[in-house]
Amino acid sequence: MKSASERFEMIDRQQWKDLVQARLEVMFENSGKEGTLPPVVVQVPPKPEMGDLAFPLFAFAKVFGKSPVELATSLTEDINSLSDRPEGQAFAAGPYMNVRVDMASLIEKLCEKVEKEGSSFGSTNILDGKKVMVEFSCPNTNKPLHLGHVRNDCLGNSISAILKASGATVMKVNLINNRGVHICKSMLAYIKFGNGESPESTGIKGDHYVGSWYVRFNSWAKEEPTAEEQAQQMLVKWEQGDKETLELWKKMNKWTIDGISKTYEDTGISFDKYYYESDTYKLGKDKVIEGLERGVFQKQEDGAIYIDNSDIGLDKKILLRKDGTSIYITQDIGTAINRHEDWPFDSLVYVVASEQQYHFKVLFHVLDKLGCSWAKDLHHLSYGMVFLPEGKMKSREGTVVDADDLMIQLTAMAREEISEKGRDKDLEDPDKTAHDIALGALNYYMLQFDPQKDVTFNPKESLSFNGNTGPYIQYMGARISSILRNYTASEDLYKGTEFNASLLANEEEREMFKLCGSLPELVAKSAQSYDPSVLCSFLYDLCKIFSHWYHDNQVLNPDDKALSVARIQLCKVVLASLKSAMALIGIPFLEKM
RNA sequence: GGGCGCAUAGCUUAAUGGAUAAAGCGUAUCCCUCCGGAGGAUAAAAUGCGGGUUCGAUUCCCGCUGUGCCUACCA
């Protein structure tokens, strides 16, 4: 059976692979030797001039009693003598047999496909009919977003777009963490020292304003030993529904959420549904008790309910406190079950940092024990931590990279660069362009690495628009757009000239078509591995080849109309591929910049 | 202590068990009478240590060293 991604391949590797396997078997039979042949592997040669497909023959040397080099020679002869082989040429390359496929027909097919599919080029149907819920962001309402949240948001937003492009119906959900003792801390500091001020009266963005009281609490707590206790008492009052406490809580929550919403808006992040922890934190308690009654959980002597995880090699985990109140995992059990009842998903993806891997392992196991057949459909998209050169970011010590500050800084840098390059007069709205460039830089930076891996953010070195960056990608899009505008302006010159795909035959042109043609399988791959970085690499590779190519190859040349028309076709395919992939990783496309 | 990761050029990152380990930044040197130089070209520079599996290991296995996270009746 073919794997999902192979259905989108422009070059039919499977066909070649089957052919090679079949011919090797014939050769083996004719040799009269005994034994079984190992399976054929097909790979991509490391350099374009080595062809499009490669078949290493090392593994066959032993059974044939011949060197891989000899095998490559005879296999190549055999294959090239076949009249009904797929279009293309085989050639021996040391211990490999490589294949150069016939590009002209592939190019024509690809151009048609791109023309037909337009901005949806690259999408696939591997998840058709699937309902996928993606939970991400999940901020606390006691402080503004920092770089760690930004990685989460970019990933969640991008992976949702990628899943959608794979045919799934996606529900993006955010669970606002708006209760708990940490929330009470900023409230308490505000009561003590706030003097009734507000974001409006101080002109400070709401989330930053509340965050400043959280910081204030922590400095106060260093002098005041009862501070922590007072915060705890406030939480008790909150849980008892104390009117004044609730009112302040509502007011301050709104300040923060309004502020965070602005950040979302500013960074292109959106959700289909918001959940609030204050509404959901009690869910799950019944489920845990139910589990106890069914004997899948146990009760300690002091009354706390726990699950024994020794069957999966983990420690036991408390699920309900001895006083009967919920903890973090109790709530997650409840919300998962609740969500599945609300919107029966085929899959639920939690975008949460790797530090919570243990938590999710336990959570999924608990749900499985509770008899949720869909527990196997839960996926923790665990991403690595974002560190600064000095180490981990700490809110309390003020060593965080603030999300808003970062955007402001990037936007200012972009705006300055626009002026420096004298582009103001060419742009309709230089400020908006600057903002889009900042957004491109941010998203590309956050998504270019393997999500699993920790990243180090060096502010000085990371904030760049040159080299392997979002703006570089945007720039190539703008340059191609510019060429296409020039073409349109002089279209009369080229009227009546037919597109001839065989004029696009140099290595770079072949490479670009091959790359663009592989976009659907790359989108499928990024969906299956929950990894947008695949698309970042695609974009960068494509732009790099295009940059080099158009530096040496004039696209528009009235003296050679056929060549110009062919190259314009290439530009169109590249541009469509860029646009599609950029949309999936949140890089705004710019006609001009 | 136990569990889960990670270790590739000076720095930040790539590389389905296969061909000369790929880029960006930084460094050095070139290129605008050429569709917009946020560009292009050239150069120096790397698989932590020790075993194993394999025809072949950056990739898989074991040990060591270093490093990060988790190991709450916090979230």
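Going by the structure above, here's the rest.
What you are looking at is a predicted structure, and each value in this text was computed from that prediction instead of being measured.

Caption draft 1: Broad picture of the overall build of chain A. A tally of regular secondary structure across chain A gives 23 helices and 14 strands. Taking the principal axes of its C-alpha atoms as reference, chain A extends roughly 85 × 70 × 40 Å. A buried classification covers 53% of the 593 residues belonging to chain A. For chain A, the proportion of contacts with a sequence separation of at least 24, taken over those separated by at least 6, is 75%.

Caption draft 2: Main features of the protein's contact with RNA strand B. Every one of the 62 residues lining RNA strand B counts as a neighbour, but Q43, Y96, D302, R321 and N486 are closest to it. In RNA strand B, atoms within 4 Å of the protein come from the sugar-phosphate backbone in 58% of cases. One nitrogen or oxygen atom from the side chain of Q43 is found 2.8 Å from a base oxygen belonging to RNA strand B. Counting only elements with at least two residues in the surface near RNA strand B, the list comes to β3 (96–101), α14 (357–369), α15 (403–420), β14 (455–456), α18 (470–489) and α22 (533–552). By residue class, the composition of the surface near RNA strand B is 26 nonpolar, 17 polar and 19 charged.

Caption draft 3: Spatial organisation of the side chain of S137. Following the sequence through the fold, S137 ends up in the loop between β4 (131–135) and α5 (147–165). You can call S137 buried: its relative accessible area is 7%. A distance of 2.7 Å separates polar atoms of two side chains, one belonging to S137 and the other to D153. A distance of 2.5 Å separates a polar atom in the side chain of S137 from a polar atom in the side chain of Y264. Setting aside chain neighbours within four positions, we find S137 in contact with N152, D153, N174, Y264 and F271.

Caption draft 4: Layout of the sheet that holds strand β2 (residues 88–93). The three strands are arranged β1-β3-β2 in an open sheet whose pairing can be described as antiparallel. Either end of the sheet is taken by a strand with one partner, and the two such strands are β1 (53–56) and β2. In this sheet, neighbouring strand axes are inclined to one another by 20 degrees on average, regardless of whether the strands run parallel or antiparallel. Relative to β3, β1 runs antiparallel, the two being bridged by four bridges.

The rules behind each value
- Residues numbered from 1 in each chain as written.
- Chains lettered and ligands numbered in written order.
- Predicted model: local features only at pLDDT ≥ 70, side-chain atom pairs only at ≥ 80, totals over all residues.
- Heavy atoms only, no water.
- Helix = DSSP H or I, 4+ residues; strand = E, 2+ residues; numbered from the N terminus.
- Buried < 20%, exposed > 50% of the residue type's maximum accessible area, 1.4 Å probe, protein only.
- Contact = heavy atoms within 4.5 Å.
- Near = heavy atom within 4 Å.
- Polar contact = N/O pair within 3.5 Å; in protein donor to acceptor, adjacent residues only side chain to side chain.
- Nonpolar A, V, L, I, M, F, W, Y, C, P; charged D, E, K, R; others polar.
- Pairing = 2+ DSSP bridges.
- Axes fitted to C-alpha atoms, helices over the stretch in contact; angles between N-to-C directions.

Read these as geometric descriptors, not functional statements.
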